[in-house]
Amino acid sequence: MSPSIETPQKPIYVPQTPQTAPRAEALSNPYYRSMAPPPSPHLPSVPTPRPQPPERVSDSEPGPPSATASTSTLTATPGSREEVQAAIAKAEKRLASRVVKKVFSRKAARPHIYQAAHKARVLEIRKETQEEMVEDLYRAYQSKGYSSDLQTFQGFLSYQQLLESQNVMSPHRSHTDLRSRYQDDEQRRRSYGDDVSPDFLERAIQRAKETLNGPKPLPAFIPSFEQLRISRRAKDSEIDIRLRGPPLPQSLPPHEDDEVTLVLRKRGVIAKAARLQVTDSDLGRLRPGTWLNDEIINFYGQLILDRSEARPKGNALKNGARRDKSPILDVHYFNSFFFEKLSREGYEKARLAKWTKKFDIFSKDVILIPINHGNSHWTAAAINFRRRRIESFDSMGVRRQDVFDLLREYVKLEHLNKKSKPFDWTDWVDYSPRDTPQQENGYDCGVFTCQFLEAISRGMDSPFNFTQRNMAYLRRRMIWEIAHTQLRGGT
C-alpha cells in the first residue's frame, strides 16, 4: 500500500488550447487532486465512496503533461479498491459465522430439562406397545394350534423377520455360520432376541386377523346315536394312522437313551460313513436349541443313501406281493453343495454333468436335495420321478418357486446331456403341500429337513407323522442313528 503524500499546492500550468482544455479541467477536479490511498483492509469499517471521475472525452487524446506524472502515481486503481471491499466483506462474514456457531453450540450444550425424561417415556411406551402386539399375535397363533411358550414365540418371530428382511434365496459363498465350531452350552446361540420391529408385528397381526376372519370350517358332524359317533371316530383315527403312520414315541427306550448320553461324552471322531465323518463338535449340534450344520445334514443323507443301496433287489415286490407297506425307494442323495452350485454357477459352469457320470438319475425313484437358503434356513426338495412332481418342503410355510424353476432347468439340461433329447414334462406338477409340519422356533429347520428327506425315502407322502412336539425326541434319535450309522426307520 503506497504511503499518503500531500498534493502540491502550486497551480499547474496547462496551456488553454482546444485540444488540452478538457484535460486541464479534469486535472483541476478534486477527485484527482485530493485522492488518498485506499484504506488498510484491517480497518473495521468500510470507507465512504469517493466521487466518480468525469467521463473521458476521447481515448485517443494525448495524456497530461509530465508535470502531473507524480500525482497520477499516487492514486489508487479501481481494482485495488474492489479487492479491499471484498476482503472486508469476507472478514465480516467470517466473524458472523463464528458468532452463529457459538450461539448454536451453547444451545446444544444445554438440553431441555425434560428431554431425558421425555425420551425415556417414549421408549417405555414403545416397549409396552410392542409387548402388547406380541401378546396379541401369540394369542392368534395359539388359536391356530401353536403350542410353544411366549418366549419361544418371540424367538420365532425374530427368526421369521430375519428371513423376510433378507433375500434368503440369494446364493451364499459359504456356510460359515452353520459350519462354525461347536461351543459349550453357555456360548451356543439358542435363539433370536425380542427386538422385533413394530412394522413386522403389524403385518403379522394383520395376516393373523385375515386368517381368523376367513371362512370358518364346517361344524363337525355329530350323529344322534352315541355308538355311531364312537364308531365314526374310530374310523377317523384309523384313517389318520394309515395316512400319517403310527404316532412317534415320546422318548427312546431306556437303554438306547443311555447310549446317547454316553455318546455325547465322547471326544474326537464319533462315526464314519463313506468319505464323511462326524466329530463330537458336529454331534453337539443335535443338542436342544441349536442349528444343524452341513456335516450333520450330509452325514444323515449318506445314511439314507446307504439304506437305499443296501435294500434287497425287487424290494417293492416279494413273492408277487409287496414286502412292506412303506418300501425303501431307490433314491439318490445330493449333498448340500449341489443346489448352491446350481443356483450360483448354473448347470454348465458348475459342471454338474460329472456329478452323475456313474449313475442315471432318470432310473431312480426320487432325487433328494437339502437346500440352505442364504446361510439362514434349511429346506428339503426332491425330484420325484415316481410321482411325476418337483417337491419342496419348508418348515416355515414358504412356497419356493425359485426351487421349482432351478430344478426343472436342471432336469431339462441333464436329460439333454445324457439322453440327447428333450425331457417329457407331461403330467408333472410343482408340489408344496400346505399341511407340511411347521417349526415354532428359530433353530429346528435342520431337523425338519432331515426328517422330510428320510420320510420321502420310505415312500411316505404328506401329511407326515411328526410335528414340533416331536423335535426333542427326534434329536436324540438322530444322535443314536449317527453313532450307530443306522437308521431306525420312522420309529
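Details of the structure are given in the entry above.
Predicted, not measured: the structure shown is a model, and the values here were computed from it.

### Considering the overall build of the protein chain
In terms of regular secondary structure, the protein chain is built from 17 helices and seven strands. Relative to its 491 residues, the protein chain shows a buried fraction of 37%. Counting only contacts in the protein chain whose residues sit at least 6 apart along the sequence, the fraction spanning at least 24 positions is 70%. Total accessible area on the protein chain is roughly 30,300 Å²; 53% of this is exposed by carbon and sulfur atoms.

### Some words on helix H6 (residues 150-165)
With 16 residues, H6 extends 22 Å from end C-alpha to end C-alpha; this agrees with the ideal 22 Å at 1.5 Å per step. Among all positions in H6, only Phe153, Gly155, Phe156, Leu157, Ser158, Tyr159, Gln160, Gln161 and Leu163 are buried. Turning to H6, the residues buried within the fold contact helix H5 (115-143), helix H8 (198-212), strand S5 (377-384) and helix H16 (445-457).

### Digging into the state of the cysteines
Two cysteines form a disulfide when their sulfur atoms are joined by a covalent bond. Across all of its chains, the model carries zero disulfides by this definition. Cysteine Cys445 remains unbridged, with the sulfur of Cys450 as its closest cysteine sulfur at 9.9 Å. Accessibility expressed as a relative area gives 2% for Cys450, which makes it buried.

### Considerations on the packing of helix H12 (residues 294-309) against H16
It is the contact of H12 with H16, at a shortest axis distance of 10 Å, that shows an interaxial angle of 10 degrees. The angle between H12 and H16 places the two elements in the roughly parallel class. Here Ile297, Tyr300, Ile304 and Arg307 of H12 come into contact with H16, specifically with Gly446, Cys450, Gln451, Leu453, Glu454 and Ser457. For the contact of H12 with H16, the class distribution of residues is five nonpolar, three polar and two charged.

### What about the sheet that holds strand S6 (residues 389-393)?
The strands making up a sheet associate through hydrogen bonds between their backbones, and the pairing can be parallel or antiparallel. Read across the sheet, five strands follow the order S3-S4-S5-S6-S7 without closing on themselves; strand pairing throughout is mixed. Where the open sheet ends on each side, the last strands, each with one partner, are strand S3 (331-333) and strand S7 (429-431). Neighbour-to-neighbour, the strand axes of this sheet turn through a mean angle of 20 degrees, independent of strand direction. In terms of strand pairing, S3 meets strand S4 (residues 366-373) through three bridges, oriented parallel. Along S4, the bridge assignment pairs Tyr333 with Leu368. Sheet strands in contact with H12 are S3, S4 and S5, and its direction is about 160 degrees off that of S3.

### Section: the packing of aromatic side chains
Per the counting criterion, the structure on display carries 28 aromatic pairs. For the ring pair Phe448 and Phe466, a centre distance of 6.1 Å and an interplane angle of 55 degrees mean the geometry is tilted. Of the two residues, Phe448 sits in helix H16 while Phe466 sits in the loop between H16 and helix H17 (471-484), which places them 18 residues apart along the sequence. Like Phe448, the residue Phe466 is buried in the burial classification. One aromatic cluster is present, formed by Phe393, Tyr431, Phe448, Phe452, Phe464 and Phe466 through successive ring pairs.

### Here's the deal with the packing of helix H10 (residues 254-265) against H17
At their nearest, the axes of H10 and H17 sit 9 Å apart, and the two run at 70 degrees to each other. By the criterion of interaxial angle, the relationship of H10 to H17 is roughly perpendicular. Residues Glu256, Asp257, Glu259, Val260, Thr261, Val263 and Leu264 of H10 pack against Arg476, Ile479, Trp480, Ala483 and His484 of H17. Of the residues in the contact of H10 with H17, the class split is six nonpolar, two polar and four charged.

### Side note on H10
End to end, H10 covers 17 Å across twelve residues, agreeing with the expected 16 Å (1.5 Å per residue, within 8%). Buried residues of H10: Glu256, Val260, Val263 and Leu264, and no others. Summarising the axial view, the buried residues of H10 lie within an arc of 95 degrees, below the 170-degree limit, and thus occupy one face. Among the exposed residues of H10, those oriented more than 90 degrees off its buried face are Pro254, His255, Leu262 and Arg265. Looking at the buried residues of H10, the elements they touch are strand S1 (269-273), helix H11 (280-283) and H17.

### Description of the side chain of Lys364
Mapped onto the secondary structure, Lys364 falls in the loop between helix H14 (346-349) and S4. At a separation of 3.3 Å, a polar atom in the side chain of Lys364 contacts the side chain of Asp330. Here Lys364 is in contact with Asp330, Val331, His332, Phe359 and Phe385, once residues within four sequence places are set aside.

### Examining the nonpolar core
Core analysis: the largest hydrophobic core is formed by 69 residues, its most contacted members being Leu137, Phe153, Leu283, Leu368 and Ile482. At eight residues, H16 tops the list of elements feeding residues into this core. Leave out the neighbours within four places in its chain, and Phe153 touches Val134, Leu137, Tyr138, Tyr141 and Tyr146. Within the second largest apolar cluster, 23 residues are counted, among which are Phe334, Ile371, Phe385 and Trp428.

Thresholds, definitions, all that
Residues numbered from 1 in each chain as written. Predicted model: local features only at pLDDT ≥ 70, side-chain atom pairs only at ≥ 80, totals over all residues. Heavy atoms only, no water. Helix = DSSP H or I, 4+ residues; strand = E, 2+ residues; numbered from the N terminus. Buried < 20%, exposed > 50% of the residue type's maximum accessible area, 1.4 Å probe, protein only. Contact = heavy atoms within 4.5 Å. Areas by Shrake-Rupley, 256 points an atom, 1.4 Å probe, with all protein chains shown as cover. Expected span 1.5 Å × (residues − 1). Disulfide = S-S within 2.5 Å. Axes fitted to C-alpha atoms, helices over the stretch in contact; angles between N-to-C directions. Parallel < 35°, antiparallel > 145°, perpendicular 65-115°, else oblique. Nonpolar A, V, L, I, M, F, W, Y, C, P; charged D, E, K, R; others polar. Pairing = 2+ DSSP bridges. Phe/Tyr/Trp six-rings, centres within 6.5 Å; stacked < 30°, edge-to-face > 60°. Arc of directions from axis to C-beta. Polar contact = N/O pair within 3.5 Å; in protein donor to acceptor, adjacent residues only side chain to side chain. Core = buried A, V, L, I, M, F, W, Y, C linked by side-chain atoms within 4.5 Å.

Just distances and angles here, no functional claims.
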